[in-house]
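Spelled out from the first residue to the last, the chains are:
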Amino acid sequence: MSFFSTANALTRFANNVIHQNMAEENVVVSVRTAFGRRTARATTNKLDDESLRRVVAAAEKLARVQHADEDLLPMFAAGNAGESGTSGTVAPTRYFAETAAITAEDRAATVEGIVGVAKGNSLTAAGVVASSEAVEGIFNSRGLAEWHAQTSSEISITMLAGDSSGWQKANSPDASQLNAVSLAEIAAEKARRSAGPREIPAGKYTVILEPAAVLDMVGFMFYDFGGLAILDQRSFLNNRVGTRVFGENVDIWDDVEHPLQSGAGFDGEGVRRQRLQLVEKGVVKRLVYARASAERMKRSEYKDKVGPVAATGHGFSLPNEMGEAPMNIVFGAPEKPQTLEQMIASTERGILVTRLWYIREVDPYEKILTGMTRDGTFFVEDGKVQHGVLNFRFNESLIHLLSNVEAMGSLVRASGEESFDMVVPAMKVGEFNFTEVTKF
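All figures in this text were calculated on a predicted structure; none of them were measured in a lab.

> Whenever I open this one, the overall build of the chain confuses me. Can you help?
Within the chain, the secondary structure is distributed over nine helices and 19 strands. For the chain, whose C-alpha radius of gyration is 23 Å, the value lies close to the compact-globule estimate of 22 Å for 440 residues. The buried share of the chain, taken over its 440 residues, is 52%. Counted over contacts in the chain with a minimum sequence separation of 6, partners at least 24 positions apart contribute 71%. Total accessible area on the chain is roughly 19600 Å²; 48% of this is exposed by carbon and sulfur atoms. Between the averaged position of the 46 positive side-chain charges in the chain and that of its 56 negative side-chain charges there is a distance of 3 Å.

Given below as structure tokens:
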């Protein structure tokens, strides 16, 4: 049985005024039953005795009519050897009472500070200030009992001028780590500096990708790091595990215990999440596994080609079709991190990108993505930001991108619109392929 309790609240603003306040509370109980190799799940948000009896009965009826799943394992038992993680440490606190206590008045005051920056720069602000708290637990008849409590705070700001815009977004379990006025000032500066954007030709440029742009691109590859994706032959890592796929300066971890990460320390079956190095010096070292995927892999033709095979605590709640994925991505810290200013200063001719949007996958094996720049795109020449430019459409391979990283910044917790939050650096990348120029 899984238990989820959430309380979410947000304040939306546009045209420098608040136009929506929303608050929602919900409690969900999700019950999975298994009879031999048949399993099913039913869910309810009613907690009275009769509703709970009905949801259990529904899960049982559904399970009995399912086709047998030959890969289904017995439910995970508390203390199973080899399936409870290897780090031996406890994830940092992700629940902050001050964040949980944020009120509509507090959010309104935050918006007031953002709008003050907008008005001071003759701009129009829009965005969201949100906060939430959540509790999740997983229990079963084999003694498993895991709990996780977490808060979250988020600020997203778009500053609008006549022909330009700027954007910033940040998220943290601890609201005290977010500075709304600072974010607003950065977004306002981007809107001001990109005013009167000029058109420059499409082509291959050195690009400086701010962390949000990095996150929204690389997020498209991590579902391919699951064992089931290899077994289904839908991963770009098929025939590539153990080989150098990216540049030697690229290291990637999955680490729920990293201080800038968030989330529960257990997966959808209650298995403790392990800290794993997925990529070392550009070489894909290993995959992540749910329990059933690991057992299938051990019996497959790929078992000797994919590195260590064992349950790693990255499975989704059963039943599901996706298997598993690493959801706590942390890039390796560069030996000599550079600031954005240093990256710009070393660029003879290039493009500075604040964020990307409308990203879609074109080629799943070469991981070619298409999308557009947005909310602060600048031409860099002779080591200086010269002016704003009309936005570009790009067609770029993630493999090519991460094989051509010339410099990286310090690690930050980044938020975007196309992927989940990660701990990533800004990147300076060579030969980034812009294919078209927009009209805005």
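The structure having been displayed, the exposition proceeds.
> Sorry, what's going on with the side chain of Lys-169 here?
Along the chain, the position of Lys-169 falls in strand β6 (residues 165–172). At 2.8 Å, the side chain of Lys-169 and the backbone oxygen of Gly-416 are in polar contact. Not counting the four nearest positions on each side in its chain, Lys-169 is found in contact with Glu-154, Ile-155, Ser-156, Ser-415, Gly-416 and Glu-417.

> Please clarify how the layout of surface pockets should be interpreted in this entry.
Empty space among the atoms can be located by rolling a probe the size of a water molecule over them. The space that makes up the largest pocket amounts to roughly 1100 Å³. Lining of the largest pocket is provided by 45 residues; of these, Gln-168, Ile-186, Glu-210, Pro-211 and Val-412 occupy positions nearest its centre. Within the residue set of the lining of the largest pocket, elements represented by two or more residues are β6, α4 (180–193), α5 (211–218), α8 (340–345), β12 (349–363), β14 (384–388) and β17 (412–414). In this structure, the second largest pocket occupies an estimated 790 Å³ of space.

> Help me out: how do you make sense of the nonpolar core in this one?
Membership of the largest hydrophobic core comes to 59 residues, with the highest contact counts inside it found for Met-221, Phe-222, Phe-331 and Leu-402. Ranked by the residues each element gives to this core, the list is headed by α5, at five residues. Counting residues in hydrophobic clusters, the runner-up holds 20 residues, among them Val-111, Val-129, Ala-170 and Ala-187.

> Looking at this structure, I do not really get the pattern of salt bridges. What am I missing?
Close approach of charged atoms allows side chains of opposite charge to pair. For the structure on display, the rule yields 20 salt bridges. Asp-375 is the partner of Arg-374 in a salt bridge, and the nearest nitrogen-oxygen pair spans 3.2 Å. Since its relative accessible area comes to 7%, Asp-375 is described here as buried. If you follow the salt bridges from partner to partner, you end up with Asp-71, Arg-296 and Arg-299 in one network.

> Explain empty space enclosed by the protein to me, please; I cannot follow it from the model alone.
Applying the stated criterion across every chain, the model contains one cavity of 30 Å³ or more. What the largest cavity holds in volume is close to 150 Å³. Around the largest cavity, the lining is made up of 15 residues, and of these Arg-32, Met-75, Ile-138, Gly-268 and Glu-269 lie nearest the centre. For the lining of the largest cavity, the secondary-structure elements that each account for two or more residues are β2 (17–35) and β4 (124–139). Looking at the lining of the largest cavity residue by residue, the class counts come to seven nonpolar, four polar and four charged.

> Help me understand helix α7 (residues 291–298), please; the structure alone is not making it clear to me.
Residues three or four positions apart in an α-helix share a direction because the helix packs 3.6 residues into each turn. Looking only at α7, the buried set comprises Arg-291, Ser-293, Ala-294 and Met-297. In an axial view of α7, the angular spread of the buried residues amounts to 165°, which keeps them on one side of the axis. Structurally, α7 contributes buried residues whose contacts are with α6 (227–231).

> Would you mind showing me how to read the packing of aromatic side chains here?
Both the distance between ring centres and the angle between the ring planes are used here to describe each pair of aromatic rings. Throughout the structure, instances matching the rule amount to 11 aromatic pairs. On the basis of an interplanar angle of 55° and a centroid distance of 6.2 Å, the ring pair of Tyr-205 and Phe-434 is categorised as tilted. Highlighted residues: Tyr-205 in strand β7 (residues 203–209) and Phe-434 in strand β19 (residues 427–437), separated in sequence by 229 residues. Exposure remark for Phe-434: the relative accessible area of 2% places this residue in the buried category. Arranged with centres 5.8 Å apart and planes meeting at 75°, the rings of Trp-357 and Tyr-358 form a pair that is edge-to-face. When its relative accessible area of 24% is taken as the criterion, Trp-357 is described as partly exposed. Tyr-358 sits in the partly exposed class, given a relative accessible area of 47%. An aromatic cluster is present here, built from Tyr-205, Phe-392, Phe-394, Phe-432 and Phe-434 joined pairwise through their rings. For Arg-355, the ring lying beneath its charged end belongs to Trp-167, and the centroid distance is 4.5 Å. Between Arg-374 and the ring centre of Trp-357, over which it is positioned, the NZ or CZ distance is 4.5 Å.

Criteria and thresholds
Residues numbered from 1 in each chain as written. Predicted model: local features only at pLDDT ≥ 70, side-chain atom pairs only at ≥ 80, totals over all residues. Heavy atoms only, no water. Helix = DSSP H or I, 4+ residues; strand = E, 2+ residues; numbered from the N terminus. Rg over C-alpha atoms; globule rule 2.2 N^0.38 Å. Buried < 20%, exposed > 50% of the residue type's maximum accessible area, 1.4 Å probe, protein only. Contact = heavy atoms within 4.5 Å. Areas by Shrake-Rupley, 256 points an atom, 1.4 Å probe, with all protein chains shown as cover. Lys, Arg positive; Asp, Glu negative; His and termini not counted. Charge placed at Lys NZ, Arg CZ, Asp CG, Glu CD. Polar contact = N/O pair within 3.5 Å; in protein donor to acceptor, adjacent residues only side chain to side chain. 1 Å grid on protein atoms, 1.4 Å probe; cavity = no way out; pocket = protein on both sides within 12 Å on 5 of 7 lines; lining within 4 Å. Points joined across faces, edges and corners; volume = space filled by probe spheres on them. Core = buried A, V, L, I, M, F, W, Y, C linked by side-chain atoms within 4.5 Å. Salt bridge = Lys/Arg side-chain N within 4 Å of Asp/Glu carboxyl O. Nonpolar A, V, L, I, M, F, W, Y, C, P; charged D, E, K, R; others polar. Arc of directions from axis to C-beta. Phe/Tyr/Trp six-rings, centres within 6.5 Å; stacked < 30°, edge-to-face > 60°. Lys NZ or Arg CZ within 6 Å of the ring centre and 35° of its normal.

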